[in-house]
Amino acid sequence: GIFVDKASYGINIVCRGTCVGQNDGNSNGAGVYVNGVVKDGVMTFSGSTEGTAGAGMYIAGNFKVIIYGARVIGSNIGIEQRAGKLYIVDSRIEGGTEEEATMTPNGSGSTSENCAVAIAQHTTKFPIDVIIRSSTLIGNAAFFEGNPQNNPDATKDTSIVIESGAFVGDIKTLADTDCTGFLYGGHYSKEPDAKYIAKGYEAVADTKETFNVVKKS
């Protein structure tokens with residue numbers, strides 16, 4: 001896999017291959033791991049983490065992560081992003097589906113379980129920017145955002161735009177004070193709560209008992 005550590009600046013990673021995290025056989029590996037002390041960097045990923053026990057990607061440092069045409073798969077989490085920018089396009093992200101998605105405080109490691117994409121600001125309090133487009137997310141929670149560290153400005157510092165894609169699993173946040181109004185499109189296996197749907201949009205049921213977020217007519 002890929003492991004980025006220490007207070008590094010200006011790292012630029014391009015990966016088109018397969019990154020598998022195992023961590024000596026336990027379930028806490030990561031195909032890509034960026035430590036929270038990392039200050040600045042960019043990663044463009046169009047490969048795969050399939051076969052990873054744990055998280056496909058755990059991004060705690062202040063990284064800009066561009067994922068396109070990729071398969072980011074972990075037995076527990078697809079991607080957990082705790083700082084920086086995350087752009088997902090034309091990709092498949094998978095996490096655990098068998099048990100309920102959860103999010104708990106952790107100042108030195110993962111906060112989340114059973115999510116395709118989890119967004120949880122780190123104790124470093126770097127802003128987070130997320131855009132998801134034309135991708136498939138599968139997990140007990142397809143998308144889960146929260147502020148497990150109770151950082152005072154986490155919601156203000158977190159920008160989320162989900163434009164399109166297929167989402168199999170819950171769309172959820174940890175608390176009522178977390179992010180809202182970030183769904184601008186997409187196809188959903190479960191009806192998303194109205195508070196997550198952007199102003200001027202609505203969830204419309206289709207003949208397959210699934211839901212599409214569309215502009216209000």
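Residues numbered from 1 in each chain as written. Predicted model: local features only at pLDDT ≥ 70, side-chain atom pairs only at ≥ 80, totals over all residues. Heavy atoms only, no water.

(A) Main features of the overall build of the chain. On a plain count of helices and strands, the chain comes out with zero helices and 20 strands. In terms of C-alpha radius of gyration, the chain reaches 16 Å, essentially the compact-globule figure of 17 Å for 217 residues. Summarising its shape, the C-alpha atoms of the chain cover approximately 50 × 35 × 30 Å along the three principal directions. Per-residue burial over the chain gives 52% buried out of 217 residues. In the chain, of all internal contacts separated by at least 6 residues, the share reaching a separation of at least 24 is 53%. For the chain, the centre of its 18 positive side-chain charges and the centre of its 24 negative side-chain charges are spaced 7 Å apart. (Helix = DSSP H or I, 4+ residues; strand = E, 2+ residues; numbered from the N terminus. Rg over C-alpha atoms; globule rule 2.2 N^0.38 Å. Buried < 20%, exposed > 50% of the residue type's maximum accessible area, 1.4 Å probe, protein only. Contact = heavy atoms within 4.5 Å. Lys, Arg positive; Asp, Glu negative; His and termini not counted. Charge placed at Lys NZ, Arg CZ, Asp CG, Glu CD.)

(B) The arrangement of the sheet that holds strand β9 (residues 84-89) in detail. If you trace the six strands from one edge of the open sheet to the other, you get β2-β4-β6-β9-β14-β16, paired in parallel fashion. Every other strand in the sheet has two partners, leaving β2 (11-15) and β16 (158-162) as the edge strands with one partner each. The sheet shows a mean angle of 5° between the axes of neighbouring strands, taken without regard to direction. Of the pairings in the sheet, the one linking β2 to strand β4 (residues 41-45) comprises five bridges and is parallel in character. (Pairing = 2+ DSSP bridges. Axes fitted to C-alpha atoms, helices over the stretch in contact; angles between N-to-C directions.)

(C) Structural context of the environment of I73. Within the secondary structure layout, I73 lies in strand β7 (residues 71-73). Take I73: its relative accessible area is 11%, and that puts it in the buried class. Along the primary structure I73 and G51 are separated by 22 residues, whereas in three dimensions their C-alpha atoms are 7.3 Å apart. Setting aside chain neighbours within four positions, we find I73 in contact with T49, E50, T52, G56 and E94.

(D) Structural view of the nonpolar core. Of all hydrophobic cores here, the largest spans 44 residues; its most connected members are M57, I67 and F143. Leaving out residues up to four positions away in the same chain, I67 has contacts with F45, M57, V72, I79, L86, Y87, I88, V89 and S91. Judged by nonpolar contacts, the second largest core, of seven residues, contains C115, A118, A120 and F144. (Core = buried A, V, L, I, M, F, W, Y, C linked by side-chain atoms within 4.5 Å.)

(E) Geometry of the environment of N76. Looking at where N76 falls in the secondary structure, it is placed in the loop between β7 and β8 (77-81). Aside from chain neighbours lying at most four places away, what touches N76 is G54, G95, G96, S112, E113, N114 and C115. Within the structure, the side chain of N76 is placed 2.8 Å from the backbone nitrogen of N114, a separation counted as a polar contact. (Polar contact = N/O pair within 3.5 Å; in protein donor to acceptor, adjacent residues only side chain to side chain.)

(F) Summary view of the pairing of β8. For β8, the buried fraction is high: five of the five residues fall into the buried class. Where strand β5 (residues 54-59) meets β8, four bridges bridge the pair, whose relative direction is parallel. Note on β8: the bridge partner recorded for Y58 is E80. In the sheet, β8 pairs with strand β13 (residues 115-120) via four bridges, with the strands oriented parallel. Of the residues in β13, the one forming a bridge with I77 is C115.

Distances and angles like these do not, on their own, reveal function.
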